Amino acid sequence: MEPSLIVEGLKAGYKLQTIGSSEEVGVYVDAVSGVSFTLYRNEVFGIAGESGCGKSTLIKAVYGYYEPSLVLRGGSARIYGAKGEEFDTTRMDRGLLEKRVWWKHMSYIPQSSMNVLNPTMRIRDHFAEILRIHVGMKKGEAYQEARKYLEEVGLPVDALSAFPHQLSGGMRQRVVIALAILLEPSLILADEPSSALDVINQKVALTLLREKQEALKNTLVIVSHDMGVHGVLTHRMAIMYAGKIVEIGRTADIFWKPLHPYTKALIESLPRLGDKSKRVGLSGSPPDLKKPPDGCRFHPRCPYAMLICSRAEPSLREIKEGHYTACWLYSEAVGEPR
Amino acid sequence: MSEQYMLRVVKLSRFFGYGFLGRVKFPAVDNVSFDMEYKPKIFTIAGESGCGKSTLARMILGILEPSEGAVIYKGKNIYALKSKERRWFYREVQAIFQDPYDTFNPLKKVDRYLYETARNLLDLKDAGKTQDIVDACLKRVGLSFDEIKGKYPSEFSGGQLQRISIARALIPEPKLIVADEPVSMIDASMRMNILNMFKEFKEAEEISFIYITHDLATAYYISDEIAIMYRGVIVEMGPADEVLIKCHHPYTKALIEALPEPSRRDDWLTRKVKPPGMEVKEFIMPGCKYADICPYREDICEEKKPPMFDVGNVKTACWLYK
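Residues numbered from 1 in each chain as written. Chains lettered and ligands numbered in written order. Predicted model: local features only at pLDDT ≥ 70, side-chain atom pairs only at ≥ 80, totals over all residues.

1. Considering the overall build of chain A
- For chain A, the count of helices and strands is nine helices and twelve strands.
- In summary, chain A has a C-alpha radius of gyration of 21 Å against a globular reference of 20 Å for 338 residues, a match within 12%.
- Taking the principal axes of its C-alpha atoms as reference, chain A extends roughly 70 × 50 × 45 Å.
- Sorting the 338 residues of chain A into buried and exposed places 46% on the buried side.
- Sequence-distant contacts, at least 24 apart, represent 62% of the contacts inside chain A between residues at least 6 apart. (Helix = DSSP H or I, 4+ residues; strand = E, 2+ residues; numbered from the N terminus. Rg over C-alpha atoms; globule rule 2.2 N^0.38 Å. Buried ≥ 20, exposed ≤ 12 C-beta atoms within 10 Å, placed from the backbone. Contact = placed C-beta atoms within 7 Å.)

Now the structure itself:
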């Protein structure tokens, strides 16, 4: 299997610079704390976790989208283009990324489509701009290309001459998806692509993404807090908790044979149609990432916490084939702090 | 009380204007009727964004005057209450909203807010007694007064703050709580704790709930009865099991099929759905508002509004069941 993305020991977080409250200045929020994983061609990979677990930060760090206060602390994220070109996004500045990597080899779909679309530009000019910068296409030609392309993804051609605000939320998100796939990148990062949409629009948007991924045989990363979305769409997935990946495996294994106590609790708390048996949630709340707990970050809420859990951090180990978890319960080396 | 129903919503409509000077009127809620008995239950109003469920909730809460129709609570029209009766109504019927950070004033300490609610709604003068009541309500949601004392809303997590807003709603000993998307901003692992609380309050303390949501899985989990709304109209209503499992109205079917359910993975990936059309156009359609998208459409659907037909215990507004 050919890799399309190799992330190694990635560390990123937020350096708070609040004016006024002096104690907050210089405080670091440890949002992505040493994350490693490898993605392959022709797979749909999911990243799940609750709000504040660092899943969006992880995606931004991989994409190289560092807005003020988000800082890189170490590690690497290497992406591989269709012809095997290698780019380490953590070692490139924004200008270089825009010119050589974004849209062409890797694209990003944020939760709110309005973050990508320029409200003063017609939809067709969004397409034309990308085609002009990356392919060198002229305006007239680009408009025709956009029209052809929009028909292909099943969007009404009228949308081309509309401004973003004139389209419904569902339609706008499909336009953003169409833009992200336009140059057939080898990696598509979708951050909560359907969370702002209703179920029916959500299904339309997700099936479009999935169909395009099948046709292009590239890698699609879906970040979502909604376990249902992962359950129907992804092949493999990672569960994040408080800035760490606690479990990675095939989606079916995560759902039906979860290993980590956090994953178990997450799966058990999902309500299902046709099943009224009592669901119990977790007690407590996720830790404050300004001062994360020692050892395993889940230990204060974990029903199985042992002495070692508060002292040493478990590493991500392969327990069954292709199924990894970071939990002392599965370690033979309990009692032997690293 | 001789009235059979605790709450009656009678032919309720609310029009909003759009276009130049709001001259084009469209109904956000269109001729909606339902009843709730005194027996405590959880009644869910479910639908997608823009279906009118929040507008309906605000009219039931007495904070948005309907254009047509009436809301009758314990035999009294809530938009024709005298000032004393209005205070009684605000004690009996309480609200919980989606975003707990919006519920609380960010510059006011949470405990002060709870105190004021107790003093205003219960006419309490005695500080000690006020604290007892606030403390008791916090205990019912699994918190204690010491945990919240002197803190601002920003110092709590969303889940904690939503529990505090539930405690606030419990202060006047309400009989009915209208909860508008109370868990949609809460993380999955804590969502069920809050919903379980509603179930418990219903069973142990006989509080009825109107649960407004877009999430059919949680709706199935907690509700006794459910109404599905589309473009301002209730399209199907009845016991939650029958509505959500048997799905009579084509729209209910489409909703259930679009729900990402891991155990139906293959089915979900292969089955296509048609995206909804222009909202405003559908709101003002003369016949069934789902006719444009419906796979079973006939001529009558576009011409005439379907009334509610009885199908067993379920009522559905669809010409298929005439």
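2. Focus on the overall build of chain B
- When its secondary structure is counted, chain B shows 14 helices and twelve strands.
- Over its C-alpha atoms chain B spans a radius of gyration of 21 Å, differing by no more than 12% from the 20 Å that the globule rule assigns to 322 residues.
- Along the longest, intermediate and shortest principal axes, the C-alpha atoms of chain B span 70 × 50 × 45 Å.
- For chain B, the proportion of its 322 residues judged to be buried stands at 45%.
- Once local pairs closer than 6 in sequence are excluded, the contacts in chain B between residues at least 24 apart make up 63%.

3. With respect to the nonpolar core
- L189 and V221 of chain A together with I210, I228, I234 and V235 of chain B are the most contacted members of the largest nonpolar core, which totals 183 residues.
- Looking at this core element by element, the count peaks at eight residues for helix α5 (residues 169-181) of chain A.
- If we ignore the near neighbours within four places in the chain, the residues touching L189 of chain A are I59, V62, Y63, M106, Y108 and V221 of chain A. (Core = buried A, V, L, I, M, F, W, Y, C linked by C-beta atoms within 7 Å.)

4. Quick word on the environment of P100 of chain B
Residues and elements named next belong to chain B.
- Structurally, P100 is set in helix α3 (residues 100-103).
- Residue P100 is classed as buried on the basis of its 24 C-beta neighbours within 10 Å.
- Along the primary structure P100 and Q162 are separated by 62 residues, whereas in three dimensions their C-alpha atoms are 5.2 Å apart.

5. Details of the interface of chain B and chain A
- Facing 33 residues of chain B, the contacting portion of chain A comprises 31 residues.
- Classifying every residue of the side of chain B that touches chain A gives 20 nonpolar, eight polar and five charged. (Nonpolar A, V, L, I, M, F, W, Y, C, P; charged D, E, K, R; others polar.)

6. Brief notes about helix α8 (residues 188-205) of chain B
- Over its 18 residues, α8 of chain B extends 26 Å from the first C-alpha to the last, a length consistent with the 26 Å expected when each residue adds 1.5 Å.
- Residues of α8 of chain B that are buried include every one of A188, S189, M190, R191, M192, N193, I194, L195, F198 and F201 of chain B, and no others.
- Elements in contact with the buried residues of α8 of chain B: α7 (227-233) and α9 (261-268) of chain A together with β3 (42-46), α7 (158-170), β8 (208-213) and α9 (216-222) of chain B.
- Just beyond α8 of chain B, the residue with positive phi is E206 of chain B, at close to 55 degrees. (Expected span 1.5 Å × (residues − 1).)

7. Some words on the pairing of strand β1 (residues 3-15) of chain A
Residues and elements named next belong to chain A.
- Strand direction decides the pairing type here: β1 and strand β2 (residues 28-40), joined by nine bridges, are antiparallel. Looking at the pairing, Y14 lines up with V29 of β2.
- Two strands pair when backbone bridges link them, and β1 and strand β4 (residues 70-80) are joined in this way by eight bridges, in the antiparallel orientation. Paired with Y14 across the bridge in β4 is L70. (Pairing = 2+ DSSP bridges.)

8. Considering the sheet that holds strand β5 (residues 76-77) of chain B
- Ordered in space as β2-β1-β4-β5 (chain B), the four strands form an open sheet in which the pairing is antiparallel. The open sheet has two edge strands, β2 (24-37) and β5 of chain B, and neither has a second partner.

9. With respect to unusual backbone geometry
- Phi is positive for S69 of chain A, which is not a glycine, with a value near 85 degrees.
- In this structure, S69 of chain A sits in the loop between α1 (55-63) and β4.
- Positive phi, normally seen in glycine, also occurs at E181 of chain B, with a value near 50 degrees.

10. A few points about the packing of helix α3 (residues 123-135) of chain A against helix α4 (residues 139-152) of chain A
Residue and element names in this part refer to chain A.
- It is the contact of α3 with α4, at a shortest axis distance of 9 Å, that shows an interaxial angle of 115 degrees. In this structure, α3 crosses over α4, and the sense of that crossing is right-handed. Across the interface between the two elements, R124, F127, A128, L131 and R132 from α3 touch K139, A142, Y143, E145 and A146 from α4.
- Considering only residue class, the contact of α3 with α4 consists of six nonpolar, no polar and four charged. (Axes fitted to C-alpha atoms, helices over the stretch in contact; angles between N-to-C directions. Left-handed = near helix turned anticlockwise from the far one by under 90°.)

11. A short note on the packing of helix α4 (residues 110-122) of chain B against helix α5 (residues 127-140) of chain B
Residue and element names in this part refer to chain B.
- Packing of α4 against α5 brings their axes to within 10 Å, and their N-to-C directions diverge by 115 degrees. Relative to α5, the element α4 lies roughly perpendicular. Where α4 crosses over α5, the two elements pack in a sense that is right-handed. Residue-level inspection shows L114, Y115, A118 and R119 of α4 in contact with α5, the latter providing T130, I133 and V134.
- Taken together, the residues of the contact of α4 with α5 sort by class into five nonpolar, one polar and one charged. (Parallel < 35°, antiparallel > 145°, perpendicular 65-115°, else oblique.)

12. Observations regarding the confidence of the model for chain A
Residue and element names in this part refer to chain A.
- Confidence along chain A averages 90 in pLDDT terms, with 95% of residues attaining 70 or more.
- By mean pLDDT, the top-scoring element of chain A is strand β10 (residues 244-250) (98), and the lowest-scoring one is α4 (89).
- Between residues 334-338, whose pLDDT stays under 50, and residues either more than four places distant or in other chains, the model counts six contacts. (pLDDT = per-residue confidence, 0-100.)

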